[in-house]
Each structure stands twice: as structure tokens, then as C-alpha cells.
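# A look at the structure
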Amino acid sequence: MRAHDKIICRMVFKLVQRDRQDGEMCGAVRPFAPISILPAAGSIFYAQEKECETPVSILVKDALVYEDGRFVSRDLSIPAQGGAVAFHSLHVFPGFADVHVHLREPGFSYKETIASGTRAAAHGGYCAVCAMPNLNPVPDGLESLEAQRSVIARDACVQVLPYGAITVGEKGEALSDMAAMAPYVCAFSDDGRGVQSDDMMRAAMREAKRLGKLICAHCEDNSLLSGGCIHDGEYARLHGHRGISSESEWRQVARDLALVRETGCGYHVCHVSTKESVALIRQAKRDGLDVTCETGPHYLTLTDMDLQEDGRFKMNPPIRSAADRDALIEGLLDGTIDMIATDHAPHSAEEKSRGLEGSLMGVVGLETAFSVLYTHLVQKGVLRLEKLIELLRGNPCRRFGIDLPAPENLTAFDLSESYEIQPGDFLSMGRATPFAGERVTGKCKFTIAGGKIAWLSSSTEN
Ligand SMILES: [Zn+2]
């Protein structure tokens, strides 16, 4: 056997069991569901030095693996091509799920492809992503959906669940063939734009209800827009930019919630950014409506006063005020906001090079989400680590019916490693991020998706 075929795996893992009923962490070994590997303070450390032979390239030694309350296995061994792997002190999490990404293929492969976007997802710890339908062709019927599904089957290295469009071509004029697409899509959305017509949204909700599917809404009332590029707040006033009002978002959230009350449709609000939206959704939940929502890392960690005259700070909805950010955090803590999604929206370098006014809307997020959230929210004591994992994995999986059995779908981070976010290191083709140059803690070392290595760091000096 050649020397490099000998694999030395030195890994220290924290393993803890979580009881979903009381949500408390404990060190005793007992079954739990559905999250089977989740670290927390006071959890058990396992350390083992082990030599093993190819084709096993990562060995999780002395780990007791449970899934849905059932003991699955002792240890994990993940086959790969081979190569030396030596890690220390990693935290192993069940793989994350992002319900809001733009993979751009088919139609816009110069921005991102399903291959590059899913590699970026794995690099960020994600084992499943839901792909938005603003594509060409827009998946609004079986034929156009098949164009996307065939590329997913060929190129994806993590699970990709496509959305079906709500309306034909996302034009808001006629309902898509929702019934035909329903078995193959995670939900329906016209993300990128709001459904302007009340009647169209009502019809979509009735059909989605009949089909047992969610409507996921990008809420934006075009009648309240006036060509703005950033939040209509202090920074816009100081720098002479046209603003995007908060009302353009929350007015449509309010409209949709009234329609949910009328139709009984399961409803999810995409990228909530305003304090008014949070209040509306909180009340809707109190009223017993079948409503969930997401927000993104940039809305939770930045305000409009952090903006710079650079396209990497431009997305829709825009980064809002400090009061909005604080309301979003409060919404996370009290359960109004159910999950964190990245709205990973890559564009070409040229498309993001035209400043705040001229650049296209959208930033990438898959490869920075965990470290940004861990640094800003967990390390600062705002969120507990296990709560963050619920927001990145448990809640999105439950709401969207994403099946990610734990032993075959997990990710490992070094929570002691600090590094500077360098867009040049991204596997995504998109490089525009407001977090470029920021120092963060928590680096992804490997991701196993569907039982295969989807990302493995070549750096083992952690
Ligand atoms: Zn959107």
C-alpha cells in the first residue's frame, strides 16, 4: 500500500442528544429525533486516533448516531477517493437546508450553475437547497420544470428542490400549471417580484391549498415603489439615493395574510426585512394562521448605516434600519421568524460593478451564512448554538418536508478558527457580498450530502 493511501483520521467530536419535547440538551446517551448530532456546552467529547485504509477517507470514531429516535450506527465511515485527513475539535451538525437560493440554471449560467451553486452550498454546510424559479425557461409547467430537473439530476452535489412558479413566466397574469408540477416542487413562488393582483394571489392560494402545497411570497407592492435602490432611510437621505419604502413590503404581507385567512392556504413569507412585517406575522400566528417566514443573515447583522457605495450592498429587499434589525432578532427569539435563508443571488462581476444605483439586486450568501451568524449572534450571546441549528436545519426541513437523514447528511465546522471572508475563495461564481473582508469565526471543514463527500477542506491545520 502506498503511503498516501494510508489515511489517518484524528477527530474530536462532540456528540449530544437532543430531546425535541423539552428542547433541553443533555449528556446522557439516549435516542432523540430528528437531529442526531448536535453540539452544545456540556456535551460529551470523543477523541480517537485511528489508522484506516482506503476507500474510507473520513471516519467519525466513537460517535453514536441516532435518527428519529432510533439507533442507527456506531461510528460513521464515509467512502471517498482516499487521501489523508486529519482534523481536530470539529463540531458536527446535521446538514443545513436553505429554502431560498437562486442557482440561475437553466438560463443564466454565466451567473451561477447548479454545479457551482451546489458546491457553494456544501462549502457552507448545506445539504439541501430550494431553488427559486426566476429562470429561463421559468418552471411554470412540466416541460419547463423538466429542463431544470434534468440538470439537477446530472450536476447537483447536494439535494436541490425546485420551486414551481405561481404564474406563467412569473408575469403575474395567469396561473402556472400548479397541479402538474406539485409532485416535483417543494412549493410555489414568483420570487423576484410580488404577485400584484389580489385575485391572482387568491386563486393561487386556493389551488395551493387544494394541492397541499405552500405559497412562498416575495412581498413587494409595485405601486409603492419609485425606482429606489436601497432602504428609504438615513443613508439614502445622506447620500441622495432614491429609497425603497418599508411599506412596499409590509403592505403586501398584510394583503396576503388576509387572503390566507380567507383561503386557509399554507403560506411562507420570503426574506422578511421590516419591523412592520414581523409584527403582522406575529399577530397572524397568534390568530392561528398557517404562516411561517424567513429572514436572511444580512438583515440580522447589518443596518443601512453599514452601507457603502458598492453594488455588493445592494439586494431586494434592502438592508433596513437598526430598528428593523432589532425587530427581526426579536422575531427570531420569540419564534415569529421560523428560519434563516440566504437568498443566495449571484450575478456577474460586471452586473455588480455599477455602484448602488446601477448594480443588479442580489448578493451571495451560502458560503458565509453560518460563520456570519455564529460570529454575530451566537458568540455575542444573542442566540444559543442549538437555536441557530434549528433555524438553519430543523425548522426549514419540517416546514418544507425536506428529508435529510442525519448520518448521510452532516457538516463539520471548526468553531475555533477565525478567518477573513475572501470572495476569491468562494466556490460560487458570484462574489458580491457585504461581508467581504470581515473577520468571522467558524469554518466548514467537510460536508457529507446523501452519503457522499460534497465538500472536504484540503486544509487540515485546524
Ligand atoms: Zn425575493
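Here, the structure is the one placed above.
Here is a short report on the structure shown in this document. Source: prediction; values computed, not measured.

## So, the overall build of the chain
- Along the backbone of the chain there are 12 helices and 19 strands.
- The buried share of the chain, reckoned over its 462 residues, is 54%.
- Considering only intrachain contacts with a sequence separation of at least 6, the fraction spanning at least 24 residues in the chain is 75%.

## Section: the sheet that holds strand 8 (residues 96–101)
- With respect to topology, 3 strands assemble into an open sheet ordered 8-9-10, the strand pairing being parallel. Both edges of this open sheet fall to strand 8 and strand 10 (159–162), since each of them pairs with a single strand only. For this sheet the average axis-to-axis angle between neighbouring strands, irrespective of direction, equals 20°.
- Relative to the sheet, helix 12 (residues 385–400) contacts strand 8 and strand 9 (126–131), its axis offset from that of strand 8 by approximately 65°.

## Remarks on the environment of valine 260
- Tracing the backbone shows valine 260 in helix 6 (residues 247–263).
- Measuring from C-alpha to C-alpha, the distance between valine 260 and aspartate 290 comes to 7.8 Å, with 30 residues separating the pair along the chain.
- Discounting chain neighbours no more than four positions away, the residues touching valine 260 are Met205, Cys265, Tyr267, Leu289, Asp290 and Val291.

## A short note on the nonpolar core
- By size, the foremost hydrophobic cluster in this structure holds 116 residues, and its most contacted members are Tyr126, Val158, Phe188, Ile215 and Leu388.
- Apart from the residues within four sequence positions on either side, valine 158 is in contact with Thr118, Ala121, Ala122, Tyr126, Cys127, Ala128, Val129, Ala449 and Ala454.

## Points about the packing of helix 7 (residues 275–286) against helix 9 (residues 322–333)
- Relative to each other, helix 7 and helix 9 sit at 25°, their axes nearing to 8 Å. Regarding the angle of helix 7 to helix 9, the classification is roughly parallel. For the pair helix 7 and helix 9, the contacting residues are Lys275, Val278 and Arg282 in the first and Ala323, Asp324, Ala327, Leu328 and Gly331 in the second.
- Residue composition of the contact of helix 7 with helix 9, grouped by class: 4 nonpolar, 1 polar and 3 charged.

## Things to note about the packing of helix 11 (residues 369–378) against helix 12
- The contact between helix 11 and helix 12 brings their axes to 11 Å, and the two run at 145°. For the element pair helix 11 and helix 12, the recorded crossing hand is right-handed. Here Phe370, Leu373, Tyr374, Leu377 and Val378 of helix 11 lie close against helix 12, whose contacting residues are Leu385, Leu388 and Leu392.
- Taken together, the residues that form the contact of helix 11 with helix 12 break down as 8 nonpolar, no polar and no charged.

So, how was this worked out
- Residues numbered from 1 in each chain as written.
- Predicted model: local features only at pLDDT ≥ 70, side-chain atom pairs only at ≥ 80, totals over all residues.
- Helix = DSSP H or I, 4+ residues; strand = E, 2+ residues; numbered from the N terminus.
- Buried ≥ 20, exposed ≤ 12 C-beta atoms within 10 Å, placed from the backbone.
- Contact = placed C-beta atoms within 7 Å.
- Pairing = 2+ DSSP bridges.
- Axes fitted to C-alpha atoms, helices over the stretch in contact; angles between N-to-C directions.
- Core = buried A, V, L, I, M, F, W, Y, C linked by C-beta atoms within 7 Å.
- Parallel < 35°, antiparallel > 145°, perpendicular 65-115°, else oblique.
- Nonpolar A, V, L, I, M, F, W, Y, C, P; charged D, E, K, R; others polar.
- Left-handed = near helix turned anticlockwise from the far one by under 90°.

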